[in-house]
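Letter by letter, the chains look like this.
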Amino acid sequence: MKKLMLSLCLSLACAAAAMADTYLGYTNTHFERTGGVRLGNSEKQGLAIKLTSEKLDRLRGKRVLGVRAVFGTSNMDGLEFFVATSLDGEPLYSQAFGGGSPSWKEFRFDTPVDIGDADELYVGYTLTCMQSYKPLQFDGSKGLSGRSFYYTGSGWLDCQGNGADLGCPNIQVIVDDADFTDITLKDLSAGGYYVAGQTYGHGGQVLNFGTVPIGSFDVSFSIGGGPLVRSFTGLDIAPGQTFDFDLGEYAAGEAGNLDFELSVTAVNGAATDADPADNSVAHTVYVYPAGMRHSLLLEGFTGQMCDNCPAGHQAIAEALASYGGDVVEVFHHVGFTPDDFTMAEESFYLNFFSGQQGFAPSFMVNRMTATGNQAPAQSPTVGSVIATLMQAASVQPYVSVEVNTDYDEARRHVKGSVDVFTHVMPDADTVMVSLFVVQDSILTYQVNGGSAYAHRYAYRGSLYGQVGVRADLAEGATVSLPVDYVLPDAIQSTYSGTLIPTDPDRMYLVAIVSRYLIAPDGTYDCPVYNAAMVPMCADNHTA
């Protein structure tokens, strides 16, 4: 009898193992408990992933049983998961749950959803959360365009290329037991910044989207020439995990366009991949000319009455000295309280960039942070500043920008042009050019800095309005915008009315070229492409 019971128990255990649920998603499941983010200014937040028809073909006859997810906070209301054929229409199924937490948790549906013959399915959630909390979680891996989306308050946007390049959402779809091999090639960074004569490393990342461990695969790739093949063997990539592969270095030749192609084949030594549609990628890579000047724009938010701002200034200075690249600095005296420097435009910048959530010290590089967020990063450290600079430096600038001016010392009159040359057309309907007036090393009071603290690169106004002027770019052409300015003896701060004397030896013009996109909910997407700083009171001519 005992032997019979033991055999029965073993049979039941084997049957249960055979019928185990399957967890599918684009995440590698990594998360940091304090790594939550919020996207956009809306209290309503949300994430979703898309299962394509090729993925669903492996799941016909199966059911969606629920969702597994992790969040950046448990402080939320109205958590609702959904399954839909479109993010714009009514869902096939939705169910409210009591709340999430900053650890992986399963949310099982009361009524499983038949996958049926749907061409594509979107699975995700929405919630409401106070703006002081960061509820969304990503895995920090390579992203995947067209597969993950976030809610903006007025609709859904692709996480990739819209300011949310944080990896893949930490969402997994729970389905009936499935068995298939499927490797997925994540987005490549081949569209980065390349300069003629420089050497660059190349590689990529794959995800095991299937249910079978992956032990080997081949990569066929070419960069402006014949294909090369590299084999990766002896692997053990578990389902739901990623693997980074290295293709060695490439020396960029002459400036111009290069074709870049890459495909993943021979998964586990055979043509067994269930979805080869996401195993290849093709790009046209632009190699910028040698001597191309790519200047990053670091904007800091500070204040005279901010007691920890001097420490933030010091961290930024140390990071810049360590980084060593070309960086243009501008400091806005807004974010803590307005002070003797604050100009009218800076209140607009504060609201625009941080959704009225001011904080000093904070900073952003090219109007982004190291995590991809579009609000300034708070409490700068040497490490966080360097990480943000490195990320910004890897993005191609699309344009060159030069400030060509003549200076009449007797009249304190500067006249000339800002010239923007387009190497590659950016993906932007509207491109703006801003021209800031900046004054360096103004000696005056600072809390925890004394009565003669050197306020570096303080913003003193904009010659092209608070958002700049539109530039109609054309590839291979130059757009010129006029510069015509008489430097006054003093510039009056528009908040306090304080007159701050100008010093011709410390005045600068800062030209900024950026995308300009505002979503209906007020969320901005205005990355800076390139910037230039020149002494205002000198002749500036680029050969």
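For the structure itself, look to the data block above.
Keep in mind the model is a prediction, meaning the values are calculated, not measured.

1. Some remarks on unusual backbone geometry
In step 1: Positive phi is not limited to glycine here, since N268 has a value of about 55 degrees.
In step 2: Inspection of the secondary structure puts N268 in the loop between β17 (256-265) and β18 (280-288).
In step 3: The residue R412 is not glycine, and still its phi comes out positive at about 55 degrees.
In step 4: When you line up the elements, R412 lands in the loop between β23 (399-408) and β24 (413-422).
In step 5: We classify R412 as buried; its relative accessible area is 18%.

2. Quick notes on the nonpolar core
In step 1: Counting residues in hydrophobic clusters, the biggest one holds 98 residues, and the most contacted among them are F217, V219, F245, L262, V418, L509 and M536.
In step 2: Of the residues forming this core, the biggest block, 7 residues, is contributed by strand β33 (residues 507-515).
In step 3: If we ignore the near neighbours within four places in the chain, the residues touching M536 are Y407, V414, V437, Y485, L487, M507, Y508 and L509.
In step 4: One finds F71, A118, V123 and I171 within the second-largest nonpolar core, a separate group that totals 44 residues.

3. Quick look at the side chain of S417
In step 1: Tracing the sequence through the fold places S417 in strand β24.
In step 2: Its relative accessible area of 17% is what places S417 among the buried residues.
In step 3: Here D419 takes part through its side chain, which lies 3.1 Å from a polar atom of the side chain of S417.
In step 4: Among residues more than four places away in sequence, those in contact with S417 are E402, V403, N404, T405, L481, P482 and V483.

4. Considering the sheet that holds β23
In step 1: With antiparallel pairing, the 3 strands of this open sheet are ordered in space as β23-β24-β30. Strands at the two margins of the open sheet, each flanked by one partner only, are β23 and β30 (478-486). Averaged over all pairs of adjacent strands, the angle between their axes in this sheet comes to 15 degrees, without regard to strand direction.
In step 2: Bridge count for β23 against β24 is 10 bridges, and the pairing is antiparallel. Counterpart to V401 in the pairing with β24 is V420.

Rules used in this analysis
- Residues numbered from 1 in each chain as written.
- Predicted model: local features only at pLDDT ≥ 70, side-chain atom pairs only at ≥ 80, totals over all residues.
- Heavy atoms only, no water.
- Helix = DSSP H or I, 4+ residues; strand = E, 2+ residues; numbered from the N terminus.
- Buried < 20%, exposed > 50% of the residue type's maximum accessible area, 1.4 Å probe, protein only.
- Core = buried A, V, L, I, M, F, W, Y, C linked by side-chain atoms within 4.5 Å.
- Contact = heavy atoms within 4.5 Å.
- Polar contact = N/O pair within 3.5 Å; in protein donor to acceptor, adjacent residues only side chain to side chain.
- Pairing = 2+ DSSP bridges.
- Axes fitted to C-alpha atoms, helices over the stretch in contact; angles between N-to-C directions.

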